[in-house]
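Coordinate inspection notes
These are the residues of each chain, in order.
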Amino acid sequence: MEASFVWDDNFVTHLPAVDEQHQALVELFNELSRALFNPPEDSDALLADIYGRLLAYTEYHFRDEEEMMAEVGLDERHVELHRHLHHQFVDQIRVLWTQRHNMSDPSTTLAGFLTSWLGLHILGIDQSMARQVASVREGMTAQEAFERERETRDNGTQALLKMIGKLYSVLTSQNAQLALVNQELEERVAQRTRELQEANARLRAFSRTDALLGIANRAYFEERLEQACALARRGQRPLALIMIDVDYFKRYNDHYGHVQGDACLQAVARAVAGCVRRGTDLVARYGGEELVAILHDTDEGGALQVARRMVQAVRDLALPHAGTLVPGGQVSVSAGVCAGVPQAEEGRPGGAGAAALVACADTALYRAKEQGRDRCLAYGQPA
């Protein structure tokens with residue numbers, strides 16, 4: 001591909017440092033243009049490097065020009081306009097670069113903007129600056145040089161450059177507004193995406209949580225138990241299950257009413273959940289007044305310690321229970337413990353033994369109730 005900007009004598013200002021810097025800018029413009037139209041494999045990194053060098057050199061060139069105008073003492077009217085055009089270019093190229101992924105043809109847009117801007121800038125404001133610098137160096141005052149520039153310029157050329165400059169300013173403003181609209185749209189989309197993700201997270205949490213007790217529900221417990229069993233079986237690590245039942249809860253409901261019964265279950269659930277301290281473990285409502293806890297990497301002895309804490313935590317609530325047959329007349333719980341490495345279920349070669357673990361813990365719970373309740377018992381533990 002041919003260079004986007006071809007340097008010729010029309011762009012010479014006869015200010016050696018300025019002309020040298022302009023030619024360096026042309027080389028950088030053309031280097032970026034070639035990379036845009038013929039991107040290599042690692043185009044993103046290359047484009048970012050060229051753009052970074054181009055922006056840094058442009059800002060250096062602008063500073064150098066502005067320092068030269070200050071040293072020469074050009075009329076402030078020219079200096080102010082020149083400085084404004086410099087700032088405008090830097091702002092615009094940053095906007096275009098940031099928004100290039102939203103353009104239908106970013107290569108043509110960027111290359112066209114760079115080359116058109118540089119050509120217009122040199123032929124217009126830069127060559128005007130050069131003529132004023134020459135006039136001041138010949139002995140004119142800055143004001144005289146500025147007025148002479150306005151009076152002696154070819155009216156047609158001057159009008160044309162002004163019209164092109166005005167058109168450029170309008171397009172610059174429109175591009176900035178479009179970029180702002182795109183940015184706002186992207187921000188709104190990102191915000192809506194975050195809100196949707198948060199809503200989905202709340203929905204998932206709601207679908208996994210028991211509405212009354214605020215702990216996991218049975219469906220989520222069964223899902224987690226299958227996963228825990230499979231994981232423990234693969235790693236040949238023990239998994240423990242504790243099943244907990246509120247003693248004589250039907251009598252409690254009959255005596256105190258369902259509202260108080262719900263409050264009792266909530267207090268018991270909080271006490272039981274407070275005994276499980278690892279984030280990997282889970283306490284869930286199994287059904288009615290039954291709770292269940294999954295303890296990862298826990299043998300029978302460890303699970304019994306946790307179960308004893310649960311029983312004691314409910315005792316410590318000291319909730320009166322007029323209908324209980326347990327000595328003390330307070331709300332209590334019974335717990336059954338089963339622990340071990342889950343085995344494949346019969347008829348399910350890939351099964352992880354979840355059903356067997358539940359049956360085992362339920363049997364232990366039944367035996368704990370038989371022995372007087374308000375206690376915990378492990379499966380296989382002597383009566």
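The coordinates are above.
Below is a short write-up of the structure.

About the thresholds
Residues numbered from 1 in each chain as written. Predicted model: local features only at pLDDT ≥ 70, side-chain atom pairs only at ≥ 80, totals over all residues. Heavy atoms only, no water. Helix = DSSP H or I, 4+ residues; strand = E, 2+ residues; numbered from the N terminus. Buried < 20%, exposed > 50% of the residue type's maximum accessible area, 1.4 Å probe, protein only. Contact = heavy atoms within 4.5 Å. Areas by Shrake-Rupley, 256 points an atom, 1.4 Å probe, with all protein chains shown as cover. Phe/Tyr/Trp six-rings, centres within 6.5 Å; stacked < 30°, edge-to-face > 60°. Lys NZ or Arg CZ within 6 Å of the ring centre and 35° of its normal. Pairing = 2+ DSSP bridges. Axes fitted to C-alpha atoms, helices over the stretch in contact; angles between N-to-C directions. Disulfide = S-S within 2.5 Å. Core = buried A, V, L, I, M, F, W, Y, C linked by side-chain atoms within 4.5 Å. Parallel < 35°, antiparallel > 145°, perpendicular 65-115°, else oblique. Nonpolar A, V, L, I, M, F, W, Y, C, P; charged D, E, K, R; others polar. Expected span 1.5 Å × (residues − 1).

1. Some thoughts on the overall build of the chain
If you tally the helices and strands in the chain, you get 11 helices and five strands. Counting every position in the chain, which comprises 383 residues, the buried fraction comes to 43%. Restricting the contact set of the chain to residue pairs at least 6 apart, pairs at least 24 apart contribute 71%. Summing over all exposed atoms, the chain offers an accessible surface of approximately 20500 Å²; the carbon and sulfur share of this is 53%.

2. Brief notes about the packing of aromatic side chains
The tally for this structure, following the rule as stated, stands at 10 aromatic pairs. Taking 4.4 Å as the distance between ring centres and 35° as the angle between the ring planes, the aromatic pair formed by Y252 and Y256 counts as tilted. In this pair, Y252 and Y256 both sit in helix α8 (residues 249–256), four residues apart, roughly one turn of the helix. On the basis of relative accessibility, which here comes to 30%, the residue Y256 falls in the partly exposed class. A network of ring pairs unites the aromatic residues F62, F89, F113 and W117 as a single cluster. One Lys or Arg, R373, reaches over the ring of Y248 and ends 4.2 Å from the middle of that ring.

3. Here we look at the sheet that holds strand β4 (residues 333–340)
Sheets are built from strands that pair by backbone hydrogen bonding, the pairs being arranged parallel or antiparallel. Spatially, five strands are ordered β2-β3-β1-β4-β5 in an open sheet, and the strand pairing comes out mixed. Of all strands in the sheet, those bounded by a partner on one side alone are β2 (282–287) and β5 (376–378). Along the sheet, successive strands turn relative to each other by an average axial angle of 20°, direction set aside. Inspection of the sheet shows β2 paired to strand β3 (residues 290–296) by five bridges, in the antiparallel sense. When the sheet's bridge partners are listed, A284 is paired in β3 with V292.

4. Describing the pairing of β3
With six of seven residues buried, β3 lies mostly within the body of the structure. Where strand β1 (residues 239–246) meets β3, seven bridges bridge the pair, whose relative direction is antiparallel. When the sheet's bridge partners are listed, L241 is paired in β3 with I294. As consecutive antiparallel partners, β2 and β3 are separated by two residues, and within that stretch G288 has a phi angle of approximately 55°, a positive value.

5. Some details on the pairing of β1
When you tally the buried positions in β1, you get eight out of eight residues, the bulk of the element. Side chains L239, L241, M243 and D245 of β1 all project onto a buried face; the interleaved residues A240, I242, I244 and V246 project onto the opposite face, where all are buried too. In terms of strand pairing, β1 meets β4 through eight bridges, oriented antiparallel. Each residue of the ladder has a partner; that of A240, found in β4, is A339.

6. Brief notes about the state of the cysteines
What the rule picks out here adds up to one disulfide. Covalently, C338 is tied to C360 through a disulfide, its sulfur atoms 2.0 Å apart. Measuring the twist about the S-S bond at about 95°, one finds the C338-C360 disulfide to be right-handed. Here C360 lies in helix α11 (residues 354–370) and C338 lies in strand β4, a separation of 22 residues in the sequence. Judged on exposure class, the residue C338 and its partner C360 are both buried.

7. A look at the nonpolar core
Formed by 34 residues in total, the largest nonpolar core has its most connected members in I242, I244, V268, V272, L291 and M310. Looking at this core, the elements with two or more residues in it are β1, α8, α9 (258–273), β3, α10 (300–317), β4 and β5. Examining the composition of this core, we find that eight residues originate from one element, α10, more than from any other. Filtering out sequence-adjacent residues up to four positions away, M310 remains in contact with I242, I244, V272, C275, V276, A293 and V333. Core analysis: the second largest hydrophobic core is formed by 27 residues, L32, L114, W117 and L118 among them.

8. A word on the packing of helix α7 (residues 218–235) against α11
Where α7 contacts α11, the two axes come as close as 9 Å, and the packing angle between them is 110°. Taken together, the axes of α7 and α11 are roughly perpendicular relative to one another. Taken together, the residues of α11 that come into contact with α7 (itself represented by F221, L225, E226 and C229) are A354, L357 and V358. When the residues that make up the contact of α7 with α11 are grouped by side-chain class, the tally is six nonpolar, no polar and one charged.

9. Notes on α9
Here α9 is 16 residues long and its end C-alpha atoms lie 22 Å apart, about the 22 Å a rise of 1.5 Å per residue gives. Of all the positions in α9, only G261, C264, L265, A267, V268, A269, A271 and V272 are classed as buried. On its buried side, α9 packs onto β1, α8, β2, β3, α10 and β4.

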